Amino acid sequence: MDWLDLKEATAPSALSGAPNADAVAESQLLEGLNDAQREAVLAGSGPLLIVAGPGSGKTRVVTTRIAHLVTQRGIAPWEILAITFTNKAAKEMRERVDRLIPPPEAEQGRGGGSWIGTFHSMCARILRREIDVLEGYTRDFSIHDTGDRNNLIKTIVKDLGFDPKQFRAPQIGSWISARKNRRGRDDGFELSDGSMEEDVFLAVEKKYRERMRQQNALDFDDLLLKVLEIFDHHHGVRDAYARRFRQVLVDEYQDTNRVQYRLVKHFASFHGNLTVCGDPDQSIYAWRGADIRNILDFEEDYPGAQTVRLEQNYRSTGRILEAANAVISNNTARKDKDLFTDGEQGERVVVIECGDENDEAREIAAQIRSHVARGGNYGDCAVLYRAGFLQRAIEAALRYDAVPYQVVAGLEFYQRKEIKDLVALLRLALNPADDVAFVRVVNTPARGVGDTSLARLAHFAQERGLSMANALGEADALNEIRGRAKKGLAEFAGALEELALARELDAAVALDVVLESLDVDRWLAEMDDGSGTADRAANVEEFRAFASDYDERSPEGKLRGFLEEVALVSDTDAYEGDEDRVKLMTLHACKGLEFRFVAIAGVEDELLPHERAVDEAADPDVAIEEERRLFYVGITRAKERLLVTYTTYRSFFGGGRPVLPSRYLRELPEAEIEGVGPEEREEEALGAFDPAKGAGAGLEVGAIVMHPHFGRGKIEQLTGAGINARATVDFVREGRKQLLLQYASLERLDR
Ligand SMILES: Nc1ncnc2c1ncn2[C@@H]1O[C@H](COP(=O)(O)OP(=O)(O)OP(=O)(O)O)[C@@H](O)[C@H]1O
Ligand SMILES: [Mg+2]
């Protein structure tokens, strides 16, 4: 991350004007765009709304417009603020701007100094400069993730004498978050039912706010809210940014909440040049406060706004598009719009019923291999699911089949214990007031500091208004603490002193300081659950590599910047588009992306629509429509092939049970889909399988065959046709197996 001084915005600079205007001709930028897209790219000053369905080129228009603004309209890169929803999208945009306007080598990867990022990264960046105007905070603030938040809430619930089993931290945490984000609304909405439970929640919230301030810590919601607070009350600061950003662009505007809406308004308050684009049908974050009105009311909010609609889809085949349109047309709360494509009709959408999650996972793996066998790449494929727990079975099947894959959730990596420990230690180095981090690592590796001693220290600190780390420095802090714990805490105090040295260092060097302060072998050994320490040691290495990479990319960022980047890693971050691996991710994480082959797993009535989402919604019908949009987003990621699977029996945390196919499956148009359920499998066994054609040519029930791995066997059943043709074979050595004929390479022996 770069730390350009705000002054650049106002100081005349040799770089302002149109860098490389000659190099990038207008016609080159506009090449291949349709009329509506051109209109949007070239639109003049003032507010501009682009509403359009998936795959119609909204994101492409936004990036091209940025390039156009810089190369043709004399806007300097740093006068542009572009906000997207994922870090990955931001990265892509930066690279594109880099390509169009090649920056000096040292500046590469930063989009020529333009501010391209997510709401959270922009706000973190602004706060690092401006947070001093808010009392009690310094620019060394820590960023707490949801896990940290819940830990703190749990402690508070206990401190206040409530039962943590009755008042669960995640529940209170979401409640607090929802309330905070509502505060961004200007319609005076109040969330209150006056219940006893609410009194408890309110008490916890108050304490939570206090404790966060004491720790100089912000949670994810605070990042945005603090900037809003500064902009609302310190107009001097607000105006500096508003003047600086001559052009503001926001992608995926349908998913902005009220706080984000107001931030955008501030950013655009001076020049009024605001471009937003989005698709109301793809709004999938209502549960996080996203408000579809932001896009629907745009023309009212920004009088004189120009609106451009894009109607041609460039992403998906005709059949996939038909399926998507048919599903979404069941939502009542929407404006009707139909996308068309000039492309091919393509293959039918394949819907497969599976016995259970393992069967489903094998099926998906088989279809992916079939895609590759037909000349595709693993990197073209994505497997999408509603809930994270579906991932395990899919991973297992892919591993078994030696299909390379990647879980698209940067979060996963950072959720590992060893990484969280290291992050906590780094956070303490920068911000010793961070009690949540302190509590996490005070006993890592074990120093004999038990809950009682820790509670005594916490109490001591609270009474004096000190952080726990500072309290340790007080002469009488350990008076009431005995034995090993006393020694352990003294030892940790020593470690903290060493850590303080890391404060102003480069990220990788800071990490080395942390590792030196740790007895690494003992620390890793303590985490060993019987599977050895090699994996964790490798993760530590990987983390070290991230840190060096960060230092190289952002020499000015140091530990502070690195921690910020780590804290902001969102779901889609680990995603590297060019790696030839299958991508696994939740439906929420897939927005904006596209793949030649998409499999959507677990399309069952409990999972999609997600039962809990529907149960917890104020209005179940609204939730069912939101879940349908999620399915729609998933379907519209596919360019060429779409596979939808469901099971009849699934294992949940509490045990397995029969499940029903999703109601949304009935909305898929018959003509566009090809179903392979048990009945179809049987029917096909009787009729549809054509032994004269395709992969199964020459095979018949009863034939003796040879398989390269499984050896000799006898065909018991043949089902499916074309790419779905499969055989059940009873192998002499391995028993009964079902194989896709596409690449099973069965050789007939009895002729
Ligand atoms: N005029 C065009 N000619 C050819 N391909 C195009 C054109 N416009 C866009 N595309 C391609 O279509 C695909 C979808 O574009 P893009 O991702 O910008 O759509 P989007 O509207 O942002 O979709 P989503 O709503 O899913 O985010 C991309 O591969 C893009 O390069
Ligand atoms: Mg897009």
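Residues numbered from 1 in each chain as written. Chains lettered and ligands numbered in written order. Predicted model: local features only at pLDDT ≥ 70, side-chain atom pairs only at ≥ 80, totals over all residues.

### Considerations on the site of ligand 1
- For ligand 1, the set of nearby residues contains 19 residues, the closest of which are Gly 57, Lys 58, Thr 59, Arg 60 and Tyr 314.
- Looking at which element gives the most residues to the shell around ligand 1, the answer is helix H4 (residues 58-72), with 3 residues.
- Per-class residue counts for the shell around ligand 1 are 4 nonpolar, 10 polar and 5 charged.
- When we break the shell around ligand 1 down by domain, the ones giving at least three residues each are domain 1 (21-129 + 224-310) and domain 3 (318-411 + 576-654). (Near = placed C-beta within 6 Å. Helix = DSSP H or I, 4+ residues; strand = E, 2+ residues; numbered from the N terminus. Nonpolar A, V, L, I, M, F, W, Y, C, P; charged D, E, K, R; others polar. Domains from an automatic or database assignment.)

### Focus: the sheet that holds strand E21 (residues 735-740)
- If you walk across this open sheet you meet the 5 strands as E21-E20-E19-E18-E22, and the pairing is antiparallel. A single partner strand is all that each edge strand has here, and the edge strands are E21 and strand E22 (747-748).
- Where strand E19 (residues 711-719) lies against strand E20 (residues 726-731), 6 bridges are found, and the strand directions are antiparallel. Within the sheet, the bridge partner assigned to Thr 719 lies in E20 and is Arg 726. (Pairing = 2+ DSSP bridges.)

### Brief notes about unusual backbone geometry
- With an omega of -10 degrees, the peptide bond between Thr 444 and Pro 445 qualifies as cis.
- If you check the backbone angles, Glu 252 has positive phi at about 55 degrees while not being a glycine.
- Position of Glu 252 among the secondary structure elements: in the loop between strand E6 (247-250) and helix H12 (258-267).

### A few points about the pairing of strand E16 (residues 655-658)
- Relative to E16, strand E15 (residues 649-652) runs antiparallel, the two sharing 4 bridges. In the strand pairing of E16, Phe 652 is matched with Gly 655.
- Remark: 2 residues form the turn of the hairpin made by E15 and E16, two consecutive strands paired antiparallel.

### Notes on the nonpolar core
- Residues Ile 50, Leu 426, Ala 429 and Val 514 are the most contacted members of the largest nonpolar core, which totals 125 residues.
- Looking at which element gives the most residues to this core, the answer is helix H19 (residues 417-430), with 8 residues.
- In this structure, Ala 429 is in contact with Leu 499, Ala 500, Ala 502, Arg 503, Ala 510, Val 514 and Leu 559, ignoring residues within four places of it in sequence.
- Core analysis: the second largest hydrophobic core is formed by 75 residues, Ala 393, Met 585, Ile 715 and Leu 741 among them. (Core = buried A, V, L, I, M, F, W, Y, C linked by C-beta atoms within 7 Å. Buried ≥ 20, exposed ≤ 12 C-beta atoms within 10 Å, placed from the backbone. Contact = placed C-beta atoms within 7 Å.)

### Here's the deal with the confidence of the model for the protein chain
- Put simply, the protein chain has an average pLDDT of 84, and 88% of its residues get 70 or more.
- Confidence, read as mean pLDDT per element, is least for helix H1 (residues 7-10) in the protein chain (36) and greatest for strand E13 (residues 595-600) (97).
- In the model, residues 1-22 has pLDDT below 50 throughout and makes 32 contacts with residues more than four positions away in sequence or in other chains.
- Under a pLDDT of 50 for its full length, residues 681-689 has, in the predicted model, 17 contacts with residues more than four places off or in other chains. (pLDDT = per-residue confidence, 0-100.)

### Some remarks on the sheet that holds E6
- Here we have 6 strands laid out as an open sheet, ordered E3-E2-E6-E7-E1-E8, and parallel in their pairing. Each of the sheet's edge strands pairs with one partner strand only, and the pair in question is strand E3 (115-117) and strand E8 (306-310). Here the strands of the sheet are splayed against their neighbours by 10 degrees on average, with no regard to which way each runs.
- As paired strands, strand E1 (residues 48-52) and strand E7 (residues 274-278) are joined by 4 bridges and run parallel to one another. From the neighbouring strand, Val 51 faces E7, where its bridge partner is Gly 278.
- Contacts between helix H3 (residues 35-42) and the sheet are confined to E1 and E8, with E8 contributing the most and set at about 150 degrees to the helix. (Axes fitted to C-alpha atoms, helices over the stretch in contact; angles between N-to-C directions.)

### Some words on helix H23 (residues 483-500)
- With 18 residues, H23 should cover 26 Å at 1.5 Å per step; its first-to-last C-alpha distance of 27 Å lies within 8% of that length.
- Ala 485, Leu 489, Phe 492, Leu 496 and Leu 499 are the residues of H23 that are buried. Taken around the axis of H23, the buried residues stretch over an arc of 70 degrees, which confines them to a single face. Pointing more than 90 degrees away from the buried face of H23 are the exposed residues Gly 483, Gly 494 and Glu 497.
- Elements in contact with the buried residues of H23: H19, helix H21 (451-464), helix H22 (468-472) and helix H24 (507-517). (Expected span 1.5 Å × (residues − 1). Arc of directions from axis to C-beta.)

### Overview of the environment of Leu 384
- Mapped onto the secondary structure, Leu 384 falls in strand E10 (residues 381-385).
- Residues Leu 384 and Arg 362, spaced 22 residues apart in sequence, show a C-alpha to C-alpha distance of 15 Å.
- Contacts of Leu 384, omitting those with residues within four sequence positions, involve Met 585, Leu 587, Cys 590, Val 598, Ile 600 and Gly 634.

### Structural notes on the packing of helix H10 (residues 220-233) against H12
- At a closest axis distance of 10 Å, the pairing of H10 and H12 adopts a crossing angle of 40 degrees. On the basis of the axis angle, H10 is oblique to H12. Between H10 and H12 the crossing geometry is left-handed. Counting all contacts with H10, which are made through Leu 224, Leu 225, Val 227, Leu 228 and Phe 231, the residues of H12 involved are Val 259, Gln 260, Arg 262, Leu 263 and His 266.
- A per-class count over the contact of H10 with H12 returns 7 nonpolar, 2 polar and 1 charged. (Parallel < 35°, antiparallel > 145°, perpendicular 65-115°, else oblique. Left-handed = near helix turned anticlockwise from the far one by under 90°.)

### Examining the pairing of strand E14 (residues 638-647)
- E14 sits mainly inside the fold: 10 of its 10 residues count as buried.
- The pairing of strand E9 (residues 349-354) with E14 spans 5 bridges and is classified as parallel. Within the sheet, the bridge partner assigned to Cys 354 lies in E14 and is Thr 647.
- Of the strand pairs in this sheet, E13 and E14 are connected by 5 bridges, and their pairing is parallel. From the neighbouring strand, Ile 600 faces E14, where its bridge partner is Val 644.

### Considerations on helix H7 (residues 146-159)
- The end-to-end C-alpha separation of H7 is 20 Å, in line with the 20 Å expected for 14 residues at 1.5 Å each.
- What H7 keeps buried is the set Asp 148, Arg 149, Leu 152, Ile 153, Thr 155, Ile 156 and Val 157.

### What about the packing of H24 against helix H26 (residues 534-553)?
- Close contact between H24 and H26 brings their axes to 7 Å; oriented N to C, the two are set at 145 degrees. Across the interface between the two elements, Ala 507, Ala 508 and Leu 511 from H24 touch Arg 544, Ala 547, Ser 548, Tyr 550 and Asp 551 from H26.
- Here the residues of the contact of H24 with H26 sort into 5 nonpolar, 1 polar and 2 charged.

### Structural notes on the environment of Asn 331
- One can find Asn 331 in the loop between helix H15 (318-328) and E9.
- By the C-beta count within 10 Å, which is 15 here, Asn 331 ends up partly exposed.
- Sequence-wise, Asn 331 and Arg 65 are 266 residues apart; in three dimensions their C-alpha atoms are separated by 32 Å.
- Here Asn 331 is in contact with Glu 625 and Arg 628, once residues within four sequence places are set aside.

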